[in-house]
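Per-entry structural report
Residues per chain are reported as follows:
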Amino acid sequence: MDIKLDPSRDDLPLMANTSHILVKHYVLDLDVDFESQIIEGTIVLFFESGNKFKKQSSSTEETYPSESNKACKFRTPEPCHIPVTNTRTVSSKMGYNDLVICGKGEKDTSGKDGNHDNQEQASGISSSKYCCDTGNHGSEDFLLVLDCCDLSVLKVEEVDVAAVPGIEKFTRSPKLRNQIVRELVALPADRWREQLDYYARCSQAPGCGELLFDIDTWSLQIRKTGVQTATDFPHAIRIQYTTKPQGRSVTWTSDQSGRPCVYTMGSPINNRALFPCQEPPVAMSTWQATVRAAASFVVLMSGENSAKPTQLREGCSSWHYYVTMPMPASTFTIAVGSWTETKPEICSSDDLATEKSFSPFEADFRYVGVCGHMEYPCRFQNASATTQEIIPHRIFAPVCLKGACQETLLPLIPPCLSAAHSVLGTHPFSRLDVLIVPANFPSLGMASPHLVFLSQSTLTGMSQFCGTRLCHEIAHAWFGLAIGARDWTEEWLSEGFATHLEDVFWAKAQQQLAPHEAQEQRELRACLRWRRLQDEMRNSPEDMQVLRPNKEKTGHVSDSGSSVIKHGLNPDKVFMQVHYLKGYFLLRFLARRLGGDTYFSFLRKFVHKFHGQLILSQDFLQMLLESIPEERRLELSVENIFQDWLESSGIPQPLQRERLAGAECGLVRQVSAEVAKWVRVNRRPRKRKRKETEEVLEKLLPDQLVLLLEHLLEQRTLNPRTLQRLERTYHLSEQDAEVTRNTLRIYTVRHRWCELVVKHKYTEAYRHVERFLQEDRGKRSPCKEPTGSTCVHEPVGRRFPCRLCWAAAYGGQHSATPCPPAWLSVVVHVPWLLSAAGSWLQLVPVGVASVCL
């Protein structure tokens with residue numbers, strides 16, 4: 001069982017011992033220092049001992065103990081004097097009044113000070129040896145293990161929650177600290193404001209003894225001498241720490257206006273380099289955070305409230321956010337920068353009525369139905385919220401992009417939100433902020449609770465480009481956030497659903513399209529996705545093509561709760577689209593089997609049943625199959641779907657048969673006809689006969705243009721005259737950099753055009769390639785939102801970082817250093833690039849030529 005972590009492995013370890021003790025709430029109190037590029041402060045964790053989540057297995061084949069397991073040497077704190085002090089003076093930075101959420105009308109009982117011993121008796125829980133003994137083994141101390149990386153931990157201490165004035169109001173045992181926390185985390189949902197208030201008050205209480213701790217590459221381990229069970233371990237601890245400038249959870253950069261900013265990038269290691277936490281998805285918690293920064297900065301965060309700044313002193317402001325819906329710590333997101341809000345020029349009273357905010361304390365709680373999740377103020381139980389088609393929303397961006405947001409993004413949010421509501425029903429979250437992130441953001445978009453990041457690329461061109469991306473991120477509110485995967489290897493439960501739903505949402509949002517036109521466009525996108533999936537299957541490792549790689553052990557964890565995410569650290573994984581594409585085609589297959597109306601009716605029922613919970617593939621499939629009459633199921637069963645779609649590499653056989661039997665849609669046939677015309681144009685001699693008629697070329701939709709260029713890339717040669725006419729006919733150098741979603745893994749029009757230019761040595765258009773590299777580069781995405789495109793000729797994993805792109809993107813000199821993690825590899829065929837532009841692009845050979853966008 002005790003196997004050392006192998007640095008050469010590509011699996012991501014989840015070290016937290018969640019089977020023994022669970023974090024129920026985080027209180028963060030942080031300062032953002034742009035000069036030092038660090039975030040520093042404290043985090044207070046409130047625990048519940050024992051895991052009420054039913055485990056599927058007692059152990060896995062292997063676990064990853066801490067690197068310090070051998071010696072388990074803990075840092076010994078200095079003797080700690082516990083002063084009797086007024087709790088309002090504990091923090092020099094912020095007192096209770098800055099954190100109180102519902103303080104109006106309450107008496108000030110701050111004069112009641114005191115420190116109390118923890119007198120609880122041990123009740124004991126069963127445990128197993130893990131990471132230097134995390135359970136109870138006779139005389140050995142219980143060990144709390146948190147996921148932690150790239151952090152400097154300065155101090156860990158127990159919090160004396162019994163010293164909080166007024167704590168006796170709601171607890172039967174005001175002198176027993178762990179009992180106070182137990183009763184605090186167990187408060188009913190209708191007392192959520194009081195609960196948040198006391199979490200905040202408790203977080204500012206004095207310490208009552210430092211705890212021993214040790215930190216290694218992946219974890220922070222904490223113990224209290226003499227405490228042998230999770231039940232007796234302190235249920236409220238405070239950790240003082242700082243992030244590191246090179247920490248992998250946050251990115252320090254400048255926005256498009258040249259102003260400094262920092263944001264969470266959706267790193268493969270999630271948030272463990274932002275704060276110590278429990279990373280496994282079963283550790284669903286709430287949080288509140290107070291963040292201080294210079295007054296010129298705006299702090300955006302995953303939070304239910306639309307926070308406004310509070311001035312603390314001249315030049316410094318404080319922002320406070322909170323969340324009452326328990327979610328994994330990995331969904332926490334923050335962005336601090338000189339953002340400016342984009343507001344509608346004219347706001348009608350109808351808009352205000354439609355977008356009225358329904359926060360939990362205003363809910364009438366006329367129960368629409370019984371929910372299956374743990375108790376929290378749920379919008380699905382609020383009759384008013386269930387009818388709210390458009391939730392309140394705000395848009396933030398660098399000042400230089402405010403106009404583009406006003407023109408492109410602002411008009412799209414209401415119809416996209418309304419379309420999503422018409423398909424899936426109640427919005428899981430009460431509001432939405434949308435931020436246009438800096439140019440080095442590694443994706444086209446990323447969704448988190450109440451906050452969506454969008455790339456500036458989505459603002460260019462027609463509304464389709466921005467709208468489809470926005471619909472994809474909105475879909476994640478249901479699939480990925482409100483309903484999460486219990487095992488992170490089942491990414492298709494998030495990305496497959498979002499990819500399938502983005503087409504549905506966007507079709508409904510485009511009210512000007514007739515139903516048959518919308519269907520034609522969906523079929524065209526399905527054709528493009530099919531081509532991408534075929535490319536992916538041909539050119540990627542077989543073990544990375546499987547949607548359910550752990551098979552029957554999916555969802556299993558060790559006795560302690562630790563586990564690994566298969567291929568979670570594999571650098572090639574961020575370029576893989578299998579979870580998006582296979583997941584999309586599986587859901588498309590099932591929707592066709594049921595019929596569209598029946599399928600989406602089922603999907604609303606599924607959302608209502610499982611929101612606020614974690615699921616595995618079988619939870620969805622079993623409920624779905626129960627909705628299909630037996631005579632229509634045919635060979636469909638959970639086992640068959642597992643075998644054909646989820647647990648096998650390659651293209652699923654049902655999909656192969658469907659694509660072979662299916663007829664091309666009208667838009668695809670139109671592209672085929674245009675390809676034939678261009679082939680004829682290319683074959684014509686330089687001097688044509690006078691009687692030859694000119695080819696009449698049709699106007700194409702953006703997705704059609706992508707398909708056309710893909711077909712033309714398959715031609716052996718295209719002469720300069722053909723390329724010149726091609727560019728002039730479709731204005732290729734002026735096309736939008738991002739034509740469609742990265743989740744579809746569809747090349748951009750300009751990208752495809754640049755590939756044609758390089759392949760056929762069309763030197764007249766080399767300037768287009770240079771402009772594309774400098775102005776329209778995309779970046780590689782994190783695990784959650786892959787953006788990369790794999791070469792159709794070469795295997796994944798062999799790439800050429802481009803010096804030109806490095807210099808353009810990072811403002812420096814040409815360098816032989818490979819591009820940093822945040823780059824999107826767009827691979828072009830080796831012979832084309834090496835022979836036509838190798839010296840011009842100044843490539844550093846790593847295996848196969850690629851262009852960093």
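Treat the numbers as computed from the prediction; the structure is a model and nothing was measured. (Residues numbered from 1 in each chain as written. Predicted model: local features only at pLDDT ≥ 70, side-chain atom pairs only at ≥ 80, totals over all residues. Heavy atoms only, no water.)

To continue, consider the overall build of the chain. From N to C terminus, the chain includes 22 helices and 26 strands. Partitioning the intrachain contacts of the chain with sequence separation of at least 6 by distance along the chain shows that 78% fall at a separation of at least 24. (Helix = DSSP H or I, 4+ residues; strand = E, 2+ residues; numbered from the N terminus. Contact = heavy atoms within 4.5 Å.)

Summarising burial for strand β9 (residues 236-243): seven of the eight residues are buried, a large majority. For strand β3 (residues 38-49) and β9, the ladder comprises seven bridges, and the chain directions are antiparallel. Residue pairing across strands places isoleucine 43 opposite isoleucine 239, the latter belonging to β9. Judged from the seven bridges that link them, strand β5 (residues 151-159) and β9 form a sheet pairing that is antiparallel. Note on β9: the bridge partner recorded for valine 156 is isoleucine 239. (Buried < 20%, exposed > 50% of the residue type's maximum accessible area, 1.4 Å probe, protein only. Pairing = 2+ DSSP bridges.)

In this section: the sheet that holds strand β19 (residues 432-436). The strand order across the open sheet built from five strands is β17-β18-β19-β21-β20, with neighbouring strands paired in mixed fashion. Edge positions in the open sheet fall to β17 (340-342) and β20 (445-448), since each of these has one partner strand only. For this sheet, the mean inter-axis angle between neighbouring strands, taken without regard to orientation, is 25 degrees. Note: β17 against strand β18 (residues 393-397), three bridges, orientation antiparallel. Looking at β18, one finds that threonine 340 is bridged to alanine 397. (Axes fitted to C-alpha atoms, helices over the stretch in contact; angles between N-to-C directions.)

This paragraph deals with the packing of aromatic side chains. The description of an aromatic ring pair uses the distance of the two centres, along with the angle that the planes make with each other. Throughout the structure, instances matching the rule amount to 27 aromatic pairs. When the centroid spacing of 5.4 Å and the interplanar angle of 85 degrees are considered together, the rings of phenylalanine 275 and phenylalanine 332 count as edge-to-face. Taken together, the positions of phenylalanine 275 in the loop between β11 (260-264) and β12 (284-294) and phenylalanine 332 in the loop between β15 (316-328) and β16 (334-337) put the pair 57 residues apart, joining distant regions of the chain. For phenylalanine 275, a relative accessible area of 2% translates into the label buried. Between the aromatic rings of phenylalanine 589 and tryptophan 645, the centroid separation amounts to 5.4 Å while the plane-to-plane angle is 35 degrees, which identifies the pairing as tilted. Residue phenylalanine 589 is located in helix α10 (residues 578-594), and its partner tryptophan 645 is located in helix α14 (residues 638-646); the two are separated by 56 residues in the primary sequence. Taking relative accessible area as the criterion, tryptophan 645 reaches 2% and is therefore assigned buried. (Phe/Tyr/Trp six-rings, centres within 6.5 Å; stacked < 30°, edge-to-face > 60°.)

Here we take up the pattern of salt bridges. Applying the stated criterion to the full structure yields 35 salt bridges. Between arginine 529 and aspartate 503 there is a salt bridge, with the nearest N and O atoms lying 2.6 Å from each other. You can see arginine 529 sitting in helix α9 (residues 515-538) and its partner aspartate 503 sitting in helix α8 (residues 492-509), a full 26 residues away along the chain. Side by side, arginine 529 and aspartate 503 carry an identical accessibility label, which is buried. Residue arginine 538 is joined to aspartate 535 by a salt bridge in which the shortest nitrogen-to-oxygen separation is 2.6 Å. Residue arginine 538 and its partner aspartate 535 are both found in helix α9; the two are separated by three residues, about one turn of the helix. Among the residues examined, aspartate 535 registers a relative accessible area of 6% and is labelled buried. Salt bridges sharing partners connect three or more residues here, namely Arg531, Arg532, Asp535, Arg538, Glu710, Glu714, Arg752 and Glu755. (Salt bridge = Lys/Arg side-chain N within 4 Å of Asp/Glu carboxyl O.)

Taken in spatial order, the four strands line up as β10-β11-β16-β13 in an open sheet, and their pairing is antiparallel. What marks the edges here is a single partner per strand, and that holds for β10 (250-254) and β13 (298-301). Taking each pair of neighbouring strands and ignoring which way they run, the sheet shows an average axis angle of 15 degrees. Relative to β16, β13 runs antiparallel, the two being bridged by four bridges. Bridge assignment links valine 299 to a residue of β16, and that residue is valine 336.

It is characteristic of soluble globular proteins that their nonpolar side chains tend to be buried jointly. Of all hydrophobic cores here, the largest spans 153 residues; its most connected members are Ile222, Ile239 and Phe620. Per-element tally for this core: the top contributor is α10, with 10 residues. In this structure isoleucine 239 touches Gly41, Thr42, Ile43, Leu45, Leu146, Val153, Lys155, Val156, Leu220, Ile222 and Pro276, once residues within four positions along its chain are discounted. One finds Cys665, Val675, Leu700 and Leu773 within the second-largest nonpolar core, a separate group that totals 37 residues. (Core = buried A, V, L, I, M, F, W, Y, C linked by side-chain atoms within 4.5 Å.)

Moving on, we come to helix α7 (residues 463-475). Helix length check: α7 (13 residues) gives 18 Å between terminal C-alpha atoms against 18 Å at 1.5 Å per residue, within 8%. Turning to α7, its buried residues number three or more, namely Gln464, Phe465, Cys466, Gly467, Thr468, Arg469, Leu470, Cys471, His472, Glu473, Ile474 and Ala475. (Expected span 1.5 Å × (residues − 1).)

Okay, unusual backbone geometry next. Within the chain, histidine 450 stands out as a residue other than glycine whose phi angle is a positive 70 degrees. On the accessibility criterion, histidine 450 (3% relative accessible area) is buried. A positive phi is found at lysine 551, a non-glycine position, where the angle reads about 50 degrees. Checked against the element boundaries, lysine 551 lands in the loop between α9 and β23 (563-565).

Structurally, the position occupied by glutamine 246 is in the loop between β9 and β10. Placed 95 residues apart in sequence, glutamine 246 and leucine 151 show a C-alpha to C-alpha distance of 9.8 Å.

This paragraph deals with the packing of α10 against helix α11 (residues 596-610). For any two helices packed against each other, the geometry is given by the interaxial angle and the distance between the axes. Remark: α10 packs on α11, axes separated minimally by 6 Å, with the N-to-C direction vectors making an angle of 115 degrees. Viewed along their axes, α10 and α11 adopt a mutual orientation that is roughly perpendicular. The crossing of α10 and α11 is right-handed. Residue-level inspection shows Leu587, Ala591 and Leu594 of α10 in contact with α11, the latter providing Gly596, Thr598 and Tyr599. Looking at the contact of α10 with α11 residue by residue, the classes come out as four nonpolar, two polar and no charged. (Parallel < 35°, antiparallel > 145°, perpendicular 65-115°, else oblique. Left-handed = near helix turned anticlockwise from the far one by under 90°. Nonpolar A, V, L, I, M, F, W, Y, C, P; charged D, E, K, R; others polar.)

Before going further, it helps to spend a moment on the environment of serine 617. Along the polypeptide, serine 617 turns up in helix α12 (residues 617-626). Of the residues examined, serine 617 reaches a relative accessible area of 0% and is grouped as buried. For the pair serine 617 and alanine 485, spaced 132 residues apart in sequence, the C-alpha separation works out to 8.3 Å. At 2.4 Å, the side chain of serine 617 forms a polar contact with the side chain of glutamate 490. (Polar contact = N/O pair within 3.5 Å; in protein donor to acceptor, adjacent residues only side chain to side chain.)

This part takes up the confidence of the model for the chain. Per-residue confidence for the chain gives a mean pLDDT of 78; residues scoring 70 or more make up 74%. Of the regions scoring below 50 in pLDDT, residues 1-5 engages in 15 contacts with residues more than four places distant in sequence or in other chains. Confidence drops under pLDDT 50 across residues 52-72; counting only partners more than four residues distant or on other chains, this segment forms 59 contacts. (pLDDT = per-residue confidence, 0-100.)

Tracing the backbone through its elements, the reader meets aspartate 147 in strand β4 (residues 144-147). Here the alpha-carbon distance between aspartate 147 and proline 280, two residues 133 residues apart in the chain, equals 8.9 Å. With near-sequence residues (within four places) excluded, aspartate 147 lies in contact with Pro13, Leu14, Met15, Ala16, Trp218, Arg272, Phe275, Pro276, Cys277, Gln278, Glu279 and Pro280. A polar atom in the side chain of aspartate 147 sits 2.6 Å from the backbone nitrogen of methionine 15.

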